[in-house]
Structures are given as C-alpha cells and as structure tokens.
Amino acid sequence: MKEKKQNKILELYKPYVPEAVTSRISEGKGSLPSERSETTIIFIDIRGFTKLADQLDPEKATEIINNLFAPIVGIIDKYGGSINKFLGDGLMAIFGTPFSHEDDPERAARASLEIMKSIEENGKIKIGNKVKSVKASIGINTGLCISGEIGSDSRKEFTVIGDTVNLTSRLQANAAPGKILIGENTFYRIKGNFTISPPHKLKVKGKRDLVTVYTLKSEKKKISFFEQKKNSHSPFMGRKKELKVLKEALKKSYQSKGQVIEISGELGIGKSRLILEITKDSLIKEFNILSRNCSSWEESKPYATLKEIFTKIFGIKFDDNLREIDRKIENKIKEIDSSLLFASSYFSRLLSSKIKSLEEIMEQSKEESNLFIRVMKKLLWSFSSQRPLLMIFEDVQWIDNASAEFLIQCHKELKEYPIMLIYSLRESLKKRDSIAGSKRIKLLPLVNNESDKLIRLLIKENDIYQLMKDRIISTANGNPLFIEEIVRGIKEKRLSVDKEKQGNNTEIFVDFQIPDTVQSIARARIDLLPVGLKEILYQASVLGRYIEINLFQRITNLQNKVLLDFLKKLQKYEFIEEIKPAPQLQRYFAFTHSLIQEIAYNSLLFKTRRSLHTKIGAAMEKMYLSKIDAKAEELAYHFKNSDDKEKAVFYLNKAGDKAQPLYAFKNAINYYLDSIKILESTKLEKKQLAQLSEIYNKLAFSQSVVGERKETEINLTKALEYCRKTKGKDNESLILMNMGNLYGDMGQWDRAIKYFKNSLLITKELNNLKRKARIINNIGLINLFKGDTSSGYINLKESLTLCETIKAEEIYIMALNNMGIYYDMVGEWRKALDIYKRSLSISEKNNNIIEISNTMGNLGFAYSSLNESEQAIYYFKESIILSEKIGDIYNKGINLIHLGEEYLKKDNFTKTKYYITKAEEIFKILEDKLGLADVYRLKAKLFKKLERWKDSEIFFKNAIKVYSKFGDRINEGESYYEWGDMLFIRKNKDLAKGKLLKSKKILESIGAKKYLGEIEEKLDNL
Ligand SMILES: Nc1ncnc2c1ncn2[C@@H]1O[C@H](COP(=O)(O)OP(=O)(O)OP(=O)(O)O)[C@@H](O)[C@H]1O
Ligand SMILES: [Mg+2]
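A brief structural summary. (Residues numbered from 1 in each chain as written. Chains lettered and ligands numbered in written order. Predicted model: local features only at pLDDT ≥ 70, side-chain atom pairs only at ≥ 80, totals over all residues. Heavy atoms only, no water.)

1. So, the overall build of the protein chain
Phase 1 of the analysis: Tallying secondary structure elements over the protein chain gives 45 helices and 18 strands in all.
Phase 2 of the analysis: Taking all 1022 residues of the protein chain together, 53% fall into the buried category. (Helix = DSSP H or I, 4+ residues; strand = E, 2+ residues; numbered from the N terminus. Buried < 20%, exposed > 50% of the residue type's maximum accessible area, 1.4 Å probe, protein only.)

Listed below in structure tokens is the structure:
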C-alpha cells in the first residue's frame, strides 16, 4: 500500500524534477563516481499527509499533491540542491553533492525556510466542511558523507550514506510540526546570516551522548552574496614589483642608507593601499612610524604637516597649556639629543603658535630661519638613531609650502640615517617637483586578470559575476577604487530591488547602467541614502575630511546620541569611518575616501555652503575660545567661505601673522592677499583704512624676504597711501623704514638713506628710541657699503650709545658686528678682534647661538689676516663644533676648508689633506657643487705647493668651471689669479699672462680690490 502511494507521488512530480535527477532516481542511469564530500542533508516530512490522502478521491488527492510538493521541488532546485529520495510523507534532499557550492549549508537553510512557508500557504485542505492544516517538520544537518551509485547494473541508485544522514533523519523526527531543527555543523556554517534560537540537547535514537540542536527561525538580512566588508580591505592584487622596490628600500634604510620614495598615480589607483601593504613587512616592527595625511584646505597652513609630526614626537596634547608644551619639548629633547636643548624655543614656537608683531619679526634674521629648519632636521636625525624611522606623507599634492620646503631640504642629509620617507601624491594634481633623488613608483592600472580576480572575489555570487564582469572590467579600467565602487553599486541595486525579484539576477542586471566615472558612481551611492542621512553627510563635508563630533554636534544641533547614530549608519554604508584617536584627541570620524567628501561638498548649494561655513566658524570660536590662535587657519578658511567678511579679514590676518614668525612667508603672503581682497570690497571707513595700511605693510615685508622686490615696492607705496589717509604715525614710520630696507637691499643707497631719514623724523616725534637705534644702525651700514666709512662709523657709534642707554641688546649686537666690519674695512684687525670679542661675550651670555657662530667665524678670519694661525685655527674649530651642534653641516664643510687653508699656509700637508677629505665628504652628501668647487680650489693650491703642476691645473680648471657656471664671479676671478700665479712660478709667461688678465677683468668688473695690486705687479714682471 505504502509502496504504491510513493510511486504515485513520484509519477506526479516527475515533471518538476530536473531531468538529470529524475533519471538517476528512477532509472539509475548515468555514472557518477563515489566520493567523500561535505554534504548538507534535508529531511522533510509532511505530517499526516498520507492518512489524509486516503480520505480523498484520487483526483482531489492529485491536486493537493501538486499544490504541496511541486513547489518544494522547485525550491530545492532553485537553491541548487537535489531531491534524493521520497519517503512516505516526505523526502530527502541533498546539497553539496554531486554539485557543490561554497555556501551549501546556507542554501539548504534558505530552501527549508521557503519550503516551510510554502507548505503553510498551500497546506489548508478542505475535507467536507472541515479545513485541515498540514504542517512540515524539517531537519537539516551538515557533515561528511559518502555518495555515489550503489546497486546492480540493472538498477543503480545515487545514494548518500553516512552518520550525517541518519542524524538528519532523527532531527526531523524530533522537530515539532512547523519547526526546523538543525545540527551543530550546520549551525556554525550559517549562524551569521540567520536568526536561530539557543541550542538544546536531545536524546537521539542510536546515539549514546546527547546531541546539540538548534531551531532555525528566519533569515537575517538579504545580504546573501556579499561578504561583510566592514573595516576589511579588498584582497590585494598584483603590485609585486612595486612592493619589492619598497621592501628593498626599507631594508636599505634599516642599514642607515636613508631612502625617499615617491608613489604617484591617479585617484584610487592604490597608493595608500600599497603603503599599507609595506607596513605589513616584518622589518617594520623595528621602526618608529610617523605618518600624516595632507588635506586640501590645509595647503595654506604653514607647517601643518610637520607640526603634527613633532606633536607626535613630543607627545603634546591639544589642550596642553604653553608651560606644559614647553616642559614636554624640553624633556623629550633631553631624551633624544640633549645637545639640541638650546633649540627648544624654536619647537615651542612651532607648536604653540605664538603671534608676534611685525617689528619683532623683522628682528629675526634670515639666518634664524635656516637655523629653525636645521634644528628640526637634527632632531629627526637623532630621533632616528634611537630607532629607525618611517615617515609617511600622504596626498602631498596638498602639503603646505613650508613643510614641503623642509622635506626637500631633508632628503640630501637623510641618506646618512636610518630613515625611510614615503610620500604619495595624485599625479593629476601634482603642483611641485618631486623631491630630487627620490625613487619613483608610478602606479599603473591593474592588468585585466588582476581586475578580474578582484571582481570575482568581491562578488561572491557566481552568476552576478558572470553577468557583470566584462562590463566592470571595461568601465573600471584597472582602477581598484572604481572596481570597489561599482561592486558596491551592484550590491545596493540588489538590495533595493523588489523582494519577488530576488534571485533573478539576470532580470535585475540586464539593463543596469554603470556610470562612466567613479565620481558618478559615488554620487549615485550617495543618492541612495535616506534623505536625513544624506543631509548629515553633506553637512559633514563642509568640515573637511575629518569630522570632529563635538564640533559637528554644535552645527547640527542634534543630540549627541542621535548624531552618533547617524554617523554609525553612514559608517555602515562605508562613507565614513571612525578613527581611533590618539588618547589626547576627541572622538572623530573621517571620510573613507577624500572623493566622497569632495562630491558631497560640491553637491551643496553655494548659499548652503556659506551658511554652514559661518555656523562652523561661529561654533569653533565658542569651542576654542581660549585657544583661538591655534585655530586661526581653520577659522580663516571657514570665514573666508562664509558671508561674514569682517571675521574673514580678522582671521586671515591672524593666520598671516602666525605664518611670519615661522618664516612661512609664502603662506603669509597668501593670507594677506586674501584678506586685502575682501577688505577692499567693503566700505572703507577709518578702521578699514588703518587695517589696510597695516596689512599692506606686512604683506610687503613678507614679499621682500622672499625676494619679490617689485611687489614689495608697489605694496609699500599702497600701505603709505592708506596710512596717510588715517594719519597713523607709528605705522607710517614703520613703512618708511621698510622702504629704506628695500632700497638698501636693491643697492640704491641714497634713496635708502632718504627713507630712513624720513622715518627717523617721525620716530623721534613718537619718541620710539628702539626704532631710532635700529634706523641709525641701518644708515650706518649703508654708509659703509657706500664706501663712506667715516659717516658710517659716526652712525654706528651713535646707535651703540643709544642702545646702551635703552638697553636694547639685540640691536646693540647688530651694531657691534657692523662696527667690526668697519674695522675690517679699514684694516684695523686688532680693533676688529676686540669688537668681535665683546660681541661674542654678549651673545654667549644670551645663548644666542647664531651670533656666536657668526662671530667665531669672523674672529677666525681676523686672526688669519693677522697671520696668527693658532688663534685662527682655534676659532675655526670652535665654529665647527657649533655647526655640528646646530646641524649646520654646510657651515661645517666651509669651516673645514678654512682649516685646510690655514694648515696649507703652515705647509702641514697631511692636515690639509685630511680636512680636504672631510669637506669633500660633506659637500658630496649635500650635492653642493659650489662647496665642491671650494674643495677643488684648495686641492689645486695644495698640488701647487707640492709642485704637482699637472694635478694642480686640472683642479683649478674644475673649480673655475663650476664657479663660472654658477656665476660666482669673485671665486672665479681669484682662482684665475692663483692659477696665473702658478704659471708665473713655472715661468710659463704667455699662459700666465692670459690667466692674470682674465682674473683682472673679472675682479674689476665686480669691484673686488683684494688681489688687483698683486696682479698688476706680476703682469709688470712678466
Ligand atoms: N592592488 C590592489 N588590490 C586590491 N585592492 C586595492 C589595490 N589597490 C587599491 N585597492 C583598493 O582600492 C581602494 C583605493 O585605493 P587607495 O585608497 O590606496 O587609492 P589611492 O591611490 O591612495 O587614492 P587617492 O589618490 O584618492 O588617495 C582601496 O579601498 C584599496 O583597498
Ligand atoms: Mg590615498
């Protein structure tokens, strides 16, 4: 009886079962080899169905069978499983053999849930007046099975056997109607994507121990085919060669052969990713890593990048007060290199953003700005000697000028230290030259099979991959970011499609358009966001790449928790990510890719942007009340893009004033120009006129330092005009003094003196004695240049006396050194020595290292002129020690040459050679051609004394070639003289005459008198 029913059922749903399966089941044809494989088994039983069918007439029964079983067959098929056996009221289905998928347990679970639902819908059976519901109970289990054809040649059957099968059958038997019981193995394979009730233990027939079973409830979300990508990266493709270059460089830098690497390429091509990969190298754990991402709006913020690097080194927190900052700087310098303690004030200036007046800034000499850079370098070198250092600068297309300048200067000396410097930049936005001598890696698109592989791994569902891969490959063009974005787009498309269509991928994707730029893909993704969330994203974009929660909260006026919720959602969509902040920092998020931020920002209406910038500015003012100077650049940026012109001018100006003391004059210029532009577009009342005059003056000063003389002149004139409208006397005298300095620099002595004198008149009215002393000193120096030594002497004397009465030590030292130059000029070496020594003792008292080292050098020369060799050598050596201390290796090289010259005078050839070698080493590292020319010249003079004429000649030639190429006329002229003198000694009259005449011509043309007497004498004697 039972047997008969079974066949009846089989007959009935034959049409629904795939050919291959039915044929195997009923006829046992075909041949499939036996194998061991992991299989997921489903047992389904429709409780009481057979009994029910008996009460019905056959036609009715057939109909019911159709309604109940046909869908089951369809569902199993849809998920890629097959029906293996019919068993009375139920059946056994298998997933994973003979055809397997990597997610067979999931497929089985999904199929079971769908079957359960289908039976619930179709299981209401009317018998007479009553409605009877039938329900299924299901068991699922996963495990190792043996499958294959079993049976005789005449009747073969595809069978699965093993413990798993038995256990599954038991699970099903224990499942209550309407329930799905799953075994432990299945549970572990599917738990992420399904809701499952807690386990319970079950006594199962044929098993000694209790087994753990779970009840499968429902699917979680429809993220069926994508791996959950949150915070994980795409699998890394290709880039073998590039990684090798990086690894080798890393090894070299570890061995103290510093490396600079540039990684360039278009947006999203994988620059940052490549850097991430190198940080997985095992050698990396030996390194300290300092890294920094530049962002677009920080371009104008001087030292934004370096500041952060040093902040990290010193461990400074944002809310540290000035004293705390100074203390940390000192402690850390002590630890890293205590010989640099003298420079702690430079670091505190860098990190504490103190603002100084224009007059104070003018006191700081150009030399000081060099020192500033050198001590920063020196600290990095010393830091790297504690532990190798990897510095990463990302998106250098947006680096601020001052930091860029610094990095460029670094690279030469860096070769000597265990430092690796990696910087990345977007090719298309590249504004500056590469750092000379850096190794360059240019990232090209992934090749097709790499793209293909990446796509396959990102799209897990095979049919979607097959459907889309060609379109993705051709659109993405090997750009991994593009690939990722397209795949995300597909994912979202799939999620947003109607439920009924789920599963039918061909239908979903047949006319799916892939936008043709990564921008539009990203934009499309943004457009899919719910309105509220999208607005939050847009607003955040006005903050820049980084979203500081506290600040953002003030702008959105949302409760902290609500805002955080929004941000978390945006993070889920992978638009932003939370950054694990250093302990000192507040909690913040960042856009996952600058692209998203740019697009969101560009989508905002101008009006909205401006109002958001105003809001942000105002919120920042409140938040950072006590540290407002530290935020000047940010505030300048926001207000500049807002409607609040007054604030814009105010902060732009402040930002400029902050840039000047850091010697970031180019940045200062830009800030001042911006602020002038805004100010001049407003109504000009007295207040604005006064502001304009001041800003023009500051602008002109910055321009004069960077050598923009025409602009300086124009802007000083403007400053003067505005100033005279407001009758601001103090400013007027300052402007006039600056004009004097400008014309002095330009060699227009008389004009310079005229302006200084005008300035002096007003300054006297104002009774500003310090400025008076400064102006008189300046006049004195110009008189010396003019050759009017006696007037110069009188001026300098007056300035010195004035300085003494008002105790203006800095100006006093300047005037003293100028006085030294005076005595130099008039050949009174002893007096010059006295003056220098006085100056030295003051500088030593003040620990003014720049003046100390200058004066030491001057002393060396003065002694050398007096032929007091021992003293000269002493001071040159002192100067070398000092140079070393402040990291001024150029100056060290120069002093080594002076030493060599001094020893050559004494015919100590061994020592001369020694210093030549030392100096040569340095200038080679620095790639300083002129320094090397000095080395050649000294070598030539050495060979001349050793009477190795040929060698001497070669080196004179070499030196002269370089001098002439770089327009160093004085050294060129002097070298010709020395060469001529050598030929004179050898009595090579014609040649000697040629060189001497050449020398004479050059030296005369620049008004250098030193050798002219000797040259005439020799020419006469020829
Ligand atoms: N070789 C690669 N294999 C797999 N995925 C990659 C590869 N290179 C980059 N990606 C992925 O592509 C995305 C973009 O890469 P990345 O952020 O490194 O680009 P980028 O060149 O730094 O772009 P940008 O110029 O905007 O800074 C990242 O999600 C990254 O994980
Ligand atoms: Mg990048």
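Following the structure, the description resumes.
2. Structural notes on helix H21 (residues 531–543)
Phase 1 of the analysis: By the burial criterion, the buried members of H21 are Leu 533, Ile 536, Leu 537, Tyr 538, Gln 539, Ala 540, Ser 541, Val 542 and Leu 543.
Phase 2 of the analysis: Positive phi appears at Gly 544, one or two residues downstream of H21, with a value of about 110°.

3. What to know about the site of ligand 1
Phase 1 of the analysis: Taken together, 21 residues lie near ligand 1, and Lys 271, Ser 272, Arg 273, Glu 484 and His 593 sit nearest.
Phase 2 of the analysis: Separating an oxygen atom of ligand 1 from a backbone N or O atom of Gly 268 is a distance of 2.8 Å.
Phase 3 of the analysis: Taking Asp 395, its side chain carries an N or O atom lying 3.5 Å from an oxygen atom of ligand 1.
Phase 4 of the analysis: For ligand 1, the accessible surface in isolation is 630 Å², of which the surrounding protein chains cover 92%.
Phase 5 of the analysis: Where the shell around ligand 1 is concerned, the elements lending two or more residues are helix H9 (271–278) and helix H18 (480–496).
Phase 6 of the analysis: Here the shell around ligand 1 is built from residues that sort into nine nonpolar, five polar and seven charged. (Near = heavy atom within 4 Å. Polar contact = N/O pair within 3.5 Å; in protein donor to acceptor, adjacent residues only side chain to side chain. Areas by Shrake-Rupley, 256 points an atom, 1.4 Å probe, with all protein chains shown as cover. Nonpolar A, V, L, I, M, F, W, Y, C, P; charged D, E, K, R; others polar.)

4. Structural notes on the sheet that holds strand S11 (residues 259–265)
Phase 1 of the analysis: Strand order in the open sheet formed by five strands is S12-S13-S14-S11-S15, with parallel pairing between adjacent strands. Across the chains shown, the open sheet's two edge strands, defined by having one partner strand only, are strand S12 (288–293) and strand S15 (439–442). The average undirected angle you get between the axes of adjacent strands in this sheet is 15°.
Phase 2 of the analysis: Bridge count between S11 and S15: four bridges; the pairing is parallel. Across the sheet, Ser 264 pairs through a bridge with Lys 442, a residue of S15. (Pairing = 2+ DSSP bridges. Axes fitted to C-alpha atoms, helices over the stretch in contact; angles between N-to-C directions.)

5. Re the packing of helix H16 (residues 448–458) against helix H17 (residues 462–476)
Phase 1 of the analysis: Put simply, H16 and H17 touch, their axes get as near as 10 Å, and they point 140° apart. Our classification of the angle between H16 and H17 gives oblique. As for how H16 packs across H17, the hand of that crossing is right-handed. Touching Asn 448, Ser 451, Asp 452, Ile 455 and Arg 456 of H16 are Tyr 465, Lys 469, Ile 472 and Ile 473, all from H17.
Phase 2 of the analysis: Each residue belonging to the contact of H16 with H17 can be placed in one class, and the counts come to four nonpolar, two polar and three charged. (Parallel < 35°, antiparallel > 145°, perpendicular 65-115°, else oblique. Left-handed = near helix turned anticlockwise from the far one by under 90°. Contact = heavy atoms within 4.5 Å.)

6. Here we look at the side chain of Lys 378
Phase 1 of the analysis: Inspection of the secondary structure puts Lys 378 in helix H14 (residues 366–386).
Phase 2 of the analysis: Accessibility expressed as a relative area gives 17% for Lys 378, which makes it buried.
Phase 3 of the analysis: Discounting chain neighbours no more than four positions away, the residues touching Lys 378 are Asp 337, Ser 339, Leu 340, Glu 884, Lys 885 and Gly 887.

7. Regarding unusual backbone geometry
Phase 1 of the analysis: Phi angles above zero are rare outside glycine, and Ser 256 is one such case at about 60°.
Phase 2 of the analysis: Structurally, Ser 256 can be placed in the loop between helix H8 (240–254) and S11.
Phase 3 of the analysis: Looking at Ser 256, the relative accessible area reads 32%, which means it is partly exposed.
Phase 4 of the analysis: The backbone of Asp 907 sits at a positive phi, close to 60°, despite the residue not being glycine.

8. Topic: the side chain of Glu 953
Phase 1 of the analysis: Its place among the elements puts Glu 953 in helix H42 (residues 949–965).
Phase 2 of the analysis: Despite being buried, Glu 953 has no salt bridge partner; Lys 950 is the closest side chain of opposite charge, sitting 4.6 Å away.
Phase 3 of the analysis: If near-sequence neighbours (up to four positions away) are discounted, Glu 953 is found in contact with Trp 979, Met 982 and Leu 983. (Lys, Arg positive; Asp, Glu negative; His and termini not counted. Salt bridge = Lys/Arg side-chain N within 4 Å of Asp/Glu carboxyl O.)

9. Side note on the nonpolar core
Phase 1 of the analysis: Core analysis: the largest hydrophobic core is formed by 223 residues, its most contacted members being Phe 310 and Met 376.
Phase 2 of the analysis: Per element, the largest residue contribution to this core is nine residues, and it comes from H14.
Phase 3 of the analysis: Here Met 376 is in contact with Tyr 303, Leu 306, Phe 310, Phe 347, Leu 350 and Phe 406, once residues within four sequence places are set aside.
Phase 4 of the analysis: Core analysis: the next-biggest nonpolar cluster, separate from the first, contains 43 residues, Phe 49, Ala 111, Met 116 and Ile 196 among them. (Core = buried A, V, L, I, M, F, W, Y, C linked by side-chain atoms within 4.5 Å.)

10. Description of the sheet that holds strand S16 (residues 546–548)
Phase 1 of the analysis: Strand order in this open sheet of three strands is S16-S18-S17, and the pairing throughout is antiparallel. Each edge of the open sheet is held by one strand with a lone partner, namely S16 and strand S17 (576–579). Pairwise comparison of adjacent strand axes, ignoring direction, gives a mean angle of 30° for this sheet.
Phase 2 of the analysis: As paired elements, S16 and strand S18 (residues 588–591) share three bridges and run antiparallel to each other. Among the inter-strand pairings, Ile 547 is bridged to a residue of S18, identified as Phe 589.

11. With respect to a positive patch on the surface
Phase 1 of the analysis: A cluster of basic side chains, namely Lys 124, Lys 135, Lys 179 and Lys 217, defines a positive patch on the protein surface.
Phase 2 of the analysis: Of note, Lys 135 is situated in the loop between strand S5 (130–133) and strand S6 (136–151). (Patch = residues over 30% accessible without salt bridge, like charges linked within 9 Å, V, L, I, M, F, W, Y side chains within 5 Å. Charge placed at Lys NZ, Arg CZ, Asp CG, Glu CD.)

12. Re a nonpolar patch on the surface
Phase 1 of the analysis: A cluster of nonpolar side chains, Ile 821, Met 825 and Val 826, forms an exposed patch at the surface whose accessible area comes to about 230 Å².
Phase 2 of the analysis: By secondary structure assignment, the location of Met 825 is in helix H35 (residues 809–825).
Phase 3 of the analysis: For Met 825, a relative accessible area of 46% gives the class partly exposed.

13. Observations concerning helix H41 (residues 929–945)
Phase 1 of the analysis: A rise of 1.5 Å per residue sets the reference length of H41, with its 17 residues, at 24 Å; its end C-alpha atoms lie 24 Å apart and thus fit the reference within 8%.
Phase 2 of the analysis: Counting buried residues in H41 gives 14 out of 17 residues, a clear majority hidden from the surface.
Phase 3 of the analysis: The N-terminus of H41 is capped by Asp 928, whose side-chain oxygen sits 3.2 Å from the backbone nitrogen of Leu 930.
Phase 4 of the analysis: Positive phi appears at Glu 947, one or two residues downstream of H41, with a value of about 60°. (Expected span 1.5 Å × (residues − 1).)

14. With respect to the packing of helix H22 (residues 549–556) against helix H25 (residues 606–623)
Phase 1 of the analysis: It is at 9 Å that the axes of H22 and H25 come closest, and there the two elements cross at 125°. Taken together, the axes of H22 and H25 lie oblique to each other. Both H22 and H25 take part in a crossing whose hand is right-handed. Across from Asn 550, Leu 551, Arg 554 and Ile 555 in H22, the residues of H25 making contact are Leu 612, Lys 615, Ile 616, Ala 619, Met 620, Lys 622 and Met 623.

15. Focus: the packing of aromatic side chains
Phase 1 of the analysis: Counted according to the given criterion, the structure contains 29 aromatic pairs.
Phase 2 of the analysis: Consider the rings of Phe 665 and Phe 701, whose centres lie 6.1 Å apart with planes at 80°: the pair is edge-to-face. In this pair, Phe 665 is assigned in helix H28 (residues 665–680) and Phe 701 in helix H29 (residues 686–705), connecting sequence segments 36 residues apart. For the residue pair Phe 665 and Phe 701, the accessibility class agrees, reading buried in each case.
Phase 3 of the analysis: Members of the aromatic cluster, connected to one another through ring pairs, are Tyr 303, Tyr 346, Phe 372, Tyr 663, Phe 665 and Phe 701.
Phase 4 of the analysis: Its end group placed over the ring of Tyr 743, Arg 751 keeps NZ or CZ at 4.3 Å from the ring centre.
Phase 5 of the analysis: Above the ring of Tyr 755, the side-chain terminus of Lys 754 is found at 5.4 Å from the ring centroid. (Phe/Tyr/Trp six-rings, centres within 6.5 Å; stacked < 30°, edge-to-face > 60°. Lys NZ or Arg CZ within 6 Å of the ring centre and 35° of its normal.)

16. Comments concerning the pattern of salt bridges
Phase 1 of the analysis: With the rule as written, the count across this model stands at 49 salt bridges.
Phase 2 of the analysis: Here Glu 884 and Lys 892 are joined by a salt bridge, their closest N and O atoms 2.4 Å apart.
Phase 3 of the analysis: Residue classification places Glu 884 among the partly exposed residues on the basis of a relative accessible area of 41%.
Phase 4 of the analysis: One salt-bridge network, held together by shared partners, links Glu 901, Arg 937, Lys 941, Glu 974 and Glu 978.

17. Examining the environment of Leu 274
Phase 1 of the analysis: Among the secondary structure elements, Leu 274 is positioned in helix H9.
Phase 2 of the analysis: Among residues more than four places away in sequence, those in contact with Leu 274 are Phe 236, Arg 239, Glu 242, Leu 243, Leu 246, Ile 263, Ile 441 and Leu 443.

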